[in-house]
Amino acid sequence: MDAYLVPKMSPPIYQAVGDQAVLVSYDETIDLEINKRCRSLSNGLVRQALPWLEESVFSYRSVLVIYRPWLIHFLEALDAIKKIEQGLYPPPDVPPRLYEIPTVYGGSSGADLDRVSAITGLYPKEIIELYSSTLFTIFFIGFLCGQPYLGGLPEKLYIPRLDNPRLHVPAGSVGIGGIQASLITIDQPSGHNFIGRTFLSLYDPNKIPPTPFRAGDHLIFKPITEEEISKYKGKFPLVKEI
């Protein structure tokens, strides 16, 4: 079996990060196949139960490998990581799960819908139709409390972030920032443009795991009315049957 290769992908770049980590970086783009390779490398390191491995964390296009410097030197860790990366095979075919996220668009739930309309030239109804019909993919979980980083935003909806970020955005807010779609899991500051909100509970520190999502899962933001909020408020997202 040939090693796992992504067509047209440049070789990874390896960089020392402090005195106990190596950053493995791929092409600077949001690409599903590159992200799959990051996941494959990260999971491959973990599966080997290496005594010197402290943690492996992947993002859109890179993997941070944290090692225990009292057990291995930098050059030894670097060589081991390179050998694992060069021998990668396609990640196991774990079926992605689909979550339907009930979303109230516009009004007080989506204060930036008109701004997005003005920038894109699309009517609010067209924005809602385009956003809600898109199948988004979770590339990784990170930043704050189970927040999913999403890929798949239609190019027609690419718009700049706000010049002045809001200091408070409520949990469940659904938006756009640059080429990224966003789903806010807890109250937080943000410079994204928010066009809607779900009232599901997206993060619960008392649950294991505290978020239902994992990398590779899909999300669809189904439009609902304000009158339907009570049906979903406070509930955890459920997997939608495909």
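For the structure, check the block above.
Residues numbered from 1 in each chain as written. Predicted model: local features only at pLDDT ≥ 70, side-chain atom pairs only at ≥ 80, totals over all residues. Heavy atoms only, no water.

Caption draft 1: Seen up close, the pairing of strand β7 (residues 147-151). In terms of burial, β7 is largely enclosed, as four of its five residues are buried. Alignment of strand β6 (residues 136-142) against β7, held across five bridges, turns out to be antiparallel. Bridged to I138 within β7 is L150. Between β6 and β7, which follow one another and run antiparallel, lie four residues, and F143 among them has a positive phi close to 65°. (Buried < 20%, exposed > 50% of the residue type's maximum accessible area, 1.4 Å probe, protein only. Helix = DSSP H or I, 4+ residues; strand = E, 2+ residues; numbered from the N terminus. Pairing = 2+ DSSP bridges.)

Caption draft 2: Spatial organisation of the sheet that holds strand β4 (residues 62-67). Read from one edge of the open sheet, four strands run β1-β2-β4-β3, paired in antiparallel fashion. The outermost strands of the open sheet, each flanked by one partner alone, are β1 (13-16) and β3 (53-58). Taking each pair of neighbouring strands and ignoring which way they run, the sheet shows an average axis angle of 15°. Relative to strand β2 (residues 21-25), β1 is paired through four bridges, and the arrangement is antiparallel. Paired with Y14 across the strands is V24, a residue of β2. The strands touched by helix α2 (residues 74-86) within the sheet are β1, β2 and β4, with β1 carrying the most contacts at an inclination of about 155°. (Axes fitted to C-alpha atoms, helices over the stretch in contact; angles between N-to-C directions. Contact = heavy atoms within 4.5 Å.)

Caption draft 3: Summary view of the nonpolar core. With 30 residues, the main nonpolar core has Y131, I176, I195, F213, L219 and F221 as its most contacted residues. Secondary structure elements with two or more residues in this core: β5 (98-105), α3 (113-120), α4 (124-132), β6, β9 (173-177), β10 (180-183), β13 (218-223) and α5 (229-232). Counting residues per element, this core draws most heavily on β5, which supplies four residues. By size, the runner-up hydrophobic cluster in this structure holds 25 residues, among which are L45, L53, F139 and F140. (Core = buried A, V, L, I, M, F, W, Y, C linked by side-chain atoms within 4.5 Å.)

Caption draft 4: Region of interest: the pattern of salt bridges. All told, the structure shown has ten salt bridges when counted by the stated rule. In this structure, K36 and E33 form a salt bridge, with 3.5 Å as the shortest nitrogen-oxygen distance. Of this pair, K36 and E33 both sit in helix α1 (residues 32-47), three residues apart, roughly one helical turn. Owing to a relative accessible area of 34%, E33 belongs among the partly exposed residues under this scheme. A salt bridge links D217 to R214, with the shortest nitrogen-to-oxygen separation between them at 3.8 Å. Residue classification places D217 among the buried residues on the basis of a relative accessible area of 1%. Judged by its relative accessible area of 36%, R214 is partly exposed. One continuous salt-bridge network, built from bridges that share partners, spans R97, R214 and D217. (Salt bridge = Lys/Arg side-chain N within 4 Å of Asp/Glu carboxyl O.)

Keep in mind these values describe shape, not function.
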